[in-house]
Each structure stands twice: as C-alpha cells, then as structure tokens.
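# Structural description and commentary
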Amino acid sequence: MTVTAPESARTASAAPSQLSLSSGHLPRWSPWALLALSFLIGFTPFALEAVASGSDLNVAGSVVLGAVIYLVLIYVMSRIIEGSRKALDRLITGVVTSAFAIAMVPLVSVAITVVANGVARFDGLFFSSSMRGVLGEGGGALHAVIGTLLVTLAAAVISIPIGLMTAVYLVEYGKGGRMARTITFLVDVMTGIPSIVAGLFAYAVFALIFGPGVRMGIAGSVALAVLMIPVVVRSTEEMLRLVPNELREASYALGVPKWLTIVKVVLPTSIAGITTGVMLAISRVIGETAPLLLTAGFTDAMNYNLFSGRMQTLPVFTYSQYAYQGIPAEAYVERAWAAALTLIIIVMLLNLIARLVAKIFAPKTGR
C-alpha cells in the first residue's frame, strides 16, 4: 500500500522557499541593499559640500555617517517586520561588524603605505651592502638586518627558557602559594613597563661592568629580553592551565615522575599555544627603537659580534635615516621606508614559521 503526501505538502516542498516582507523575515539581500542605500545617503551631503566649497571629499565622515544610518535603518525595518529580538540581534551584529571594520582601517592603511613607499628601494643593493662610506644615494641595510636578527635571537635565547620555566613553576609547583602570587604580581608589573625603562636598566647594568658609554649588541638583547620575559610567562602560563588535569593524573598513575610528566605530556600538549605566545613576544620587541638606541647604538658598518662594538638594527636604522636626512633627502626617506617594509616581512615570516612549528609538533588527535 502506497502512502502519498497531500497535494499541498508536495507543492510546498517542490517550490523554492522565498522570503518576503510579509513572511516575518527580511530577504537575504535586504541588509546589503540597506548598506548601499545608507552609504549613498551618507556620501550625498559631504559630496555636495565638497563641490560647493571646492575642497576634497570627507571620506571618513561619509563612511561614519553611512554606518550610523545603516544601523538605524536595519534596526527599524527588522523591528517592524521580524520583531524586537531579531532587530536587536541585527543591530548588535552591525555594531560588531563596524568595530571590526574600524580596527582593520589602520592596519590596512599602514600596510598599504609601507608597501607603496618601501618598494622603491626594495632591490638587491639594499640587501647586499651597508651604509659604510655612503653619502646620499645608494647603500643598503644589510648590517641592520644582520644586527636585528642577532640581537633578537640572543634576546629569545635569554628570555624563552626563563619565561618558560617561570610559567611551569607557577602552574605546576607554585599552586597559588605566596611565592607564586609574588611572582605573578611582579610579572604583571613588568608587562606594563615602558621600553625605555628596560633600555635604561640594561645600559646601567653594562655601564657598571664595562664603564660609561658602553654600546654593544648583547646589551640590546638584555633590554629586549626584559620586555619579552613577562609576555612569555603570561602566555605560557595560560596555555599550561588549559592542559586537562586528567592527562597529568593518568601519567602519575603509570608511575611517571612529575618532571617527566611536564616534559613529555604537559609541554607537548600546549606546544602550539606556547609557540604562538613566543612569537607574539618576539613581534612585540623586534620593532623597539628606544632601548636599542641606548644600549646597542647605531653604526654604518657590519658587526657580527654581539659582545664588541656598536650594532645597527632595523628600527634604529629606520629612525636614523628619517631623522638625519642628508642630500638628497629622498634617498634617506626611501631607505627608511624600505627598512620598515623589511621589518614587517621579517615579522610575517616569523609568524608563518611559528604556525608551521606548532602544526608539526602539536599532539595528533586523530586515531
């Protein structure tokens, strides 16, 4: 015996569902249409003012006005057709999306500006020569690139083990004790110290040992390490706290000592987050200028020795080229922009390497 569906049900399933203003739901295209209409309304008064006064169009004001008009329109229409709950949801969605767009504006603007101005000197000479004996056009930033890599690498070698072991103590051994609370408080205080203070600290330490006026790359590494340690500690601490206690208890039940549990179970489980935190710390300090001006100084020649003589870095090179322009000034400005672009690319490559390392060494969850 064959049971057939009613004619109305078959007709409803066969016909595509279409939303209309009378169905209690806004069509999918309506938010985009309202957005376009809102920006058109927002641009109109500013365009008329620009034409009347002969000035440039105020793009920022037009976009802000258009966004406000869109939020009002989408809320009013959704409240009339869909109800107050859906209207509030659409309003909050619009506000969050607008906040995201506002946050992206300076990032995209900086990226476009640096690429547009830095590509002029992004050539082979820039990466194969230093500024030794160069006045005016020509020269390169090889000495600054090498100095940045060496100083940052030394800072990472100093700060990562200290920060990692401090976080392990706070999570695995401290357990909220008085010492752990004191260390946490000091780490929080160090997180907010200005970079110039870290530079003064490193300079004072090396001045006491080697005398006033000392400038060397390792002093800059110490200053950057002071800035990196709290970031590494806090990020690693949060990642270690996310490791389930069941993993630790299972390891202890098999007779594995605590230190081996930390090395073989806890750290590998959280290696992806720890690597990300370390890369954030490196990205935070690789562009510092003030502490390196005090500790490493600046030079136009190559220097591969962290423990002897001044060492140039990309942030300091960018600052010196822009602040002390010679003739022609365009050559110095182009070198400054090219150095800034190089620094951004280095940070991007470090983050890509960190993601690759985290993906390779992260624990496999598949069966």
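Conventions and cut-offs
Residues numbered from 1 in each chain as written. Predicted model: local features only at pLDDT ≥ 70, side-chain atom pairs only at ≥ 80, totals over all residues. Heavy atoms only, no water. Helix = DSSP H or I, 4+ residues; strand = E, 2+ residues; numbered from the N terminus. Rg over C-alpha atoms; globule rule 2.2 N^0.38 Å. Contact = heavy atoms within 4.5 Å. UniProt positions renumbered as here; feature names shortened; annotations may be inferred. Axes fitted to C-alpha atoms, helices over the stretch in contact; angles between N-to-C directions. Nonpolar A, V, L, I, M, F, W, Y, C, P; charged D, E, K, R; others polar. Buried < 20%, exposed > 50% of the residue type's maximum accessible area, 1.4 Å probe, protein only. Polar contact = N/O pair within 3.5 Å; in protein donor to acceptor, adjacent residues only side chain to side chain. Core = buried A, V, L, I, M, F, W, Y, C linked by side-chain atoms within 4.5 Å. pLDDT = per-residue confidence, 0-100. Expected span 1.5 Å × (residues − 1). Arc of directions from axis to C-beta.

### A look at the overall build of the protein
- What the protein contains, in helices and strands, is 14 helices and zero strands.
- Listing each helix as α and each strand as β along the protein from the N terminus yields α-α-α-α-α-α-α-α-α-α-α-α-α-α.
- The C-alpha radius of gyration computed for the protein amounts to 29 Å, which surpasses the reference 21 Å derived for 367 residues by more than 25%, pointing to a less compact arrangement than a globule.
- Relative to all contacts within the protein whose residues are 6 or more apart in sequence, the contacts with residues 24 or more apart total 70%.

### So, the UniProt feature "transmembrane region" (unreviewed entry) in the protein
- The residues that UniProt annotates with the feature "transmembrane region" (unreviewed entry) are residues 29-48, 60-78, 90-120, 140-171, 183-210, 216-233, 265-286 and 336-358.
- As a span, residues 216-233 carries 94% helix and 0% strand, and end to end its C-alpha atoms are 27 Å apart.
- Helix makes up 100% of residues 336-358 and strand 0%, with an end-to-end C-alpha separation of 33 Å.

### Comments concerning the packing of helix α5 (residues 142-174) against helix α13 (residues 314-323)
- Put simply, α5 and α13 touch, their axes get as near as 8 Å, and they point 145° apart. Residues H143, A144, V145 and T148 of α5 touch α13, and the partners they reach there are L314, P315 and F317.
- Class assignment for the residues of the contact of α5 with α13 results in five nonpolar, two polar and no charged.

### Details of the side chain of E82
- By the secondary structure assignment, E82 is in the loop between α3 (59-81) and α4 (84-118).
- Residue class for E82 comes out buried when judged on its relative accessible area of 16%.
- One polar contact links the side chain of E82 to the main-chain amide nitrogen of L26, over a distance of 2.9 Å.
- A polar contact is formed between the side chain of E82 and the side chain of R90, at a distance of 2.8 Å.
- E82 has contacts with G24, H25, L26, M77 and R90, leaving out every residue within four places of it along the chain.

### Structural notes on the environment of F201
- Tracing the sequence through the fold places F201 in helix α7 (residues 195-210).
- A relative accessible area of 46% means that F201 is categorised as partly exposed.
- In the structure, F201 is positioned 18 residues away from A219 in sequence and 9.7 Å away in space, judged by C-alpha atoms.

### Overview of the UniProt feature "domain: ABC transmembrane type-1" (unreviewed entry) in the protein
- Cross-referencing UniProt, the feature "domain: ABC transmembrane type-1" (unreviewed entry) maps to residues 145-354 in the present numbering.
- The span residues 145-354 shows a helical share of 78% and a strand share of 0%, and its end C-alpha atoms are spaced 20 Å apart.

### Some points on the nonpolar core
- The biggest cluster of nonpolar side chains holds 33 residues, and the ones touching the most others in it are M228 and L240.
- Sort the elements by how many residues they give to this core and helix α8 (residues 217-241) lands first, with eight residues.
- What M228 contacts, discounting residues up to four positions off in sequence, is A155, A156, S159, A281, I282 and V285.

### Quick look at the environment of V151
- Looking at where V151 falls in the secondary structure, it is placed in helix α5.
- On the accessibility criterion, V151 (1% relative accessible area) is buried.
- In sequence terms V151 and V222 are 71 residues apart; their C-alpha atoms lie 8.9 Å from each other.
- Beyond its immediate chain neighbours, meaning those up to four positions away, V151 contacts G217, G220, S221, L224, L292, L306, M311 and T313.

### Details of the confidence of the model for the protein
- Residues with a pLDDT of 70 or more make up 92% of the protein, whose mean pLDDT is 84.
- Within the model, pLDDT remains below 50 along residues 8-19, and this stretch shows four contacts once partners closer than five positions in the same chain are excluded.

### Here we look at helix α10 (residues 258-269)
- If you check α10, its first and last C-alpha atoms are 15 Å apart, about what twelve residues at 1.5 Å a residue would give, namely 16 Å.
- Taken as a whole, α10 has its buried residues at T261, I262 and V266. Taken end-on, α10 shows its buried residues confined to a sector of 95°, consistent with a single buried face.
- Contact partners of the buried residues in α10: α5, α8 and α9 (245-253).

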